[in-house]
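Coordinates in review
The chain contents come next:
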Amino acid sequence: MDQQWHGEDDTARFAARLAAQPALRNAFITLHGDLGAGKTTLVRHLLRALGVQGRIKSPTYAVVEPHEAPGLAIWHFDFYRFSDPREWEDAGFRDVFASAGLKLAEWPEKAAALIPPADLAIHIEAEDDDTRRVTLQAGTARGDDILLGLQA
């Protein structure tokens, strides 16, 4: 599924539609794109649409930031600085991925051997300051359900 977003309002509208998908509750979504493509912006809009209150920090230095929305646990990973697979075990990420809730991961290729297959991969490419080309790819039946819901 391909889309083009023209400005942050389009990103926010997409995030609201994504947040409304029932299959999102236990999904693993990977976000792909260069620095500045809009991955974190999308996550912030998605978390707001899901009802997360308070400050939403980027997990660039912490690797993961947990969030709570009404009735939903959310983990936002940023593997940009991830380099040591031992961190995975030490930080308890295996347990996080085994638990219920939404998992979002930026720079998933940095932890590719350790993470499960994504339900939905979102590729964001900046075409200019305001325009983004976005490609959504389902990797599981849950991802297929999310894509079908977005197309409805």
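Scroll up for the structure.
One structure accompanies this document, and this report is about it. (Residues numbered from 1 in each chain as written. Predicted model: local features only at pLDDT ≥ 70, side-chain atom pairs only at ≥ 80, totals over all residues. Heavy atoms only, no water.)

Quick word on the sheet that holds strand E6 (residues 120-126)
For clarity, the threshold we go by: Pairing between strands is defined by DSSP: at least two bridges between the two strands are required. A run of H or I in DSSP becomes a helix once it reaches four residues, and a run of E becomes a strand once it reaches two; helices and strands are each numbered from the N terminus. Working convention: axes come from line fits to C-alpha atoms, limited for helices to the stretch in contact. Angles between N-to-C directions cover 0 to 180 degrees. Contacts: residue pairs with any heavy atoms within 4.5 Å of one another.
The 7 strands lie next to each other as E1-E7-E6-E2-E5-E4-E3, forming an open sheet whose pairing is mixed. Both edges of this open sheet fall to strand E1 (2-6) and strand E3 (64-69), since each of them pairs with a single strand only. Each adjacent strand pair in this sheet contributes to an overall mean axis angle of 20°, direction not counted. Direction of pairing for strand E2 (residues 28-32) relative to strand E5 (residues 102-106): parallel, over a ladder of 4 bridges. Bridge pairing in E5 links Leu31 to Glu106. Packing against the sheet, helix H2 (residues 39-50) makes contact with E1, E2, E3, strand E4 (72-78), E5 and E6, and its axis sits at approximately 165° to E5.

Remarks on the nonpolar core
Cut-off, in case you're wondering: Here the nonpolar core consists of buried residues drawn from Ala, Val, Leu, Ile, Met, Phe, Trp, Tyr and Cys, with membership extended through side-chain atoms lying within 4.5 Å. Think of it in three bands: with a 1.4 Å probe and only protein chains considered, a residue is buried below 20% of the maximum accessible area for its type, exposed above 50%, and partly exposed in between.
With 30 residues, the main nonpolar core has Leu18 and Ile122 as its most contacted residues. Those elements that place two or more of their residues in this core are helix H1 (8-19), E2, H2, E4, E5, E6, strand E7 (131-138) and helix H5 (141-151). Among the elements that line this core, the one with the most residues is H2, at 5 residues. Those residues in contact with Leu18 that sit more than four places away from it in its chain are Leu24, Ile29, Leu46, Leu120, Ile122, Ile146 and Leu150. Val64, Phe82, Phe93 and Phe97 belong to the second largest nonpolar core, which has 17 residues in total.

Remarks on the pattern of salt bridges
Note the following rule: Salt bridge, as used here: a side-chain nitrogen of Lys or Arg that lies within 4 Å of a carboxyl oxygen of Asp or Glu.
Applying the stated criterion across every chain, the model contains 3 salt bridges. Asp10 is the salt-bridge partner of Arg13, the closest N and O atoms lying 2.5 Å from each other. On the criterion of helical spacing, the pair formed by Arg13 and Asp10 is a turn pair, its members being 3 residues apart in helix H1. A residue is classified by how much of its surface remains accessible, and Asp10, at 17% relative accessible area, is buried. Between Glu127 and Arg133 there is a salt bridge; the shortest N-O distance is 2.5 Å. Exposure remark for Glu127: the relative accessible area of 35% places this residue in the partly exposed category.

As for the pairing of E6
Pairing of E2 with E6, which is carried by 4 bridges, proceeds in the parallel orientation. Within E6, the residue paired with Thr30 across the bridge is Ala121. In this sheet, E7 lies alongside E6 in antiparallel orientation, the contact comprising 7 bridges. For Glu125, the partnering residue across the bridge sits in E7 and is Arg133. The hairpin turn running from E6 into E7, its antiparallel successor, is 4 residues long.

Concerning the environment of Ile146
Within the secondary structure, Ile146 sits in helix H5. On the basis of relative accessibility, which here comes to 0%, the residue Ile146 falls in the buried class. Along the sequence, Ile146 and Ala19 sit 127 residues apart, while their C-alpha atoms lie 9.9 Å from each other. Apart from the residues within four sequence positions on either side, Ile146 is in contact with Leu18, Gln21, Ala23, Leu24, Ala27 and Leu120.

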